[in-house]
Amino acid sequence: MGSIRYDFSGQTAVVTGGAAGIGGATARKFAEAGATVVIGDVNREAGEAFVRQLRDQGADAHFVFTDVGDDAMVKRLMDTAYALRGRLDIVYNNAGVAIEGEAAHMSEECWRKVININLGGVFRGCKHALPYMLQQGRGAIVNCGSTQAFKGFMGWAGYAASKGGILALTRQIAIQYASRGIRCNAVAPGTIMTPMNEKIFAEAEDPQELMERWNRAHPVGRFGQPEEVADAVLFLCSDNASFITGQTFVIDGGQMVRGE
């Protein structure tokens, strides 16, 4: 798969949920473009193994065990990233969980968990990165939303609410800090073949039927790949996107423009 070549040499990029899936693909692309990459993830084994792999390929990569649902851990992630090179240029708030449940039956525990991790994790990532970016007078933040922020799906009340909140928060941060050199945008992926979605299929009553139904929801006739979202994130963090802030890039194979 080809992609535009970027040069992020001398920049420090943080990717939450960066051990695999979209986060992993994005971290790899930042590393290949010369950035110092700091991966935050709750999967210590996978994160450390991924960082070793990137280092073996010549990348300047680091892992920090991080639960984005914990404010102190997110602060430590951003502090550690800044301390490496004395700057923090890019944050991709990607970490999230997919918890199914319709509004009438979703437990309070599941509601709190999905809101705390998905929306709260993005808030904390921005909150603890912004002081460093404001000090520099420059920074780029990208938050991971979803097409569920725009379109109703059966049985995903909490997840959709969390992703809708992320897009609203993105706009608030963009307008608040645009005059101080900081841009904040979001991506809204459709169905991307990630470990999180693979788990959903594995736990479904009829995995093949669900997979075919989700495929049909995308006019291009297939799921997206993590690298296709990663390419959009790199663009939004690059100087090529210097006049773009407060926007949401939908990466969904045409899902949002379907008539039905």
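What comes next concerns the included structure.

What counts, and at which threshold
Along each chain, residues carry numbers from 1 onward, in the same order as the chain's sequence is written. Reporting of local features is limited, given that this is a predicted model, to residues whose pLDDT is at least 70; pairs of side-chain atoms are given and counted only at 80 or more, and all residues count toward the totals for whole chains, interfaces and linings. Water and hydrogen atoms were dropped before computing side-chain values, which therefore reflect all heavy atoms in the structure. Here a helix means four or more residues in a row that DSSP labels H or I, a strand means two or more in a row labelled E, and each is numbered from the N terminus. Throughout, radius of gyration means the C-alpha value; the globule benchmark is 2.2 Å times the number of residues raised to the power 0.38. We call two residues in contact when some of their heavy atoms are within 4.5 Å. A 1.4 Å probe and the Shrake-Rupley method give the accessible areas. Residues count as covered only by the protein chains that appear here. In this count, Lys and Arg are taken as positive residues and Asp and Glu as negative ones, while His and the chain termini are left out. To locate a charge, take NZ of a lysine, CZ of an arginine, CG of an aspartate or CD of a glutamate. For the exposure calls, accessible area comes from a 1.4 Å probe over protein chains only, and a residue counts as buried if that area is under 20% of its type's maximum, exposed if over 50%, partly exposed in between. In the sections that follow, a salt bridge refers to a side-chain nitrogen of Lys or Arg positioned within 4 Å of a carboxyl oxygen of Asp or Glu. Contacts described as polar in this section are N or O atom pairs within 3.5 Å, which, within protein, must combine one atom able to donate a hydrogen with one able to accept it, while residues neighboring in sequence count only if both atoms come from side chains.

## Things to note about the overall build of the protein chain
Scanning the protein chain from N- to C-terminus turns up eight helices and seven strands. Expected size for 260 residues packed as a compact globule is a radius of gyration near 18 Å; at 17 Å, the protein chain falls within 12% of this value. When the backbone C-alpha atoms are referred to their principal axes, the protein chain occupies close to 50 × 35 × 35 Å. Look at the contacts in the protein chain between residues 6 or more apart in sequence, and 73% of them connect residues 24 or more apart. For the protein chain, the exposed area adds up to about 12,200 Å²; of that, 51% sits on carbon and sulfur atoms. Charge separation in the protein chain, taken as the distance between the mean sites of 25 positive and 28 negative side-chain charges, equals 7 Å.

## Re the side chain of Asp41
Examined against the element boundaries, Asp41 turns out to sit in strand β2 (residues 36–41). Within the buried set, Asp41 has no salt-bridge partner at all; the shortest N-O distance to an opposite charge, 10 Å, is to Arg44. A distance of 2.8 Å separates a polar atom in the side chain of Asp41 from the backbone nitrogen of Asn43. Apart from the residues lying within four places of it in its own chain, the contact partners of Asp41 are Gly17, Gly18, Ala19, Phe63, Val64, Phe65 and Thr66.

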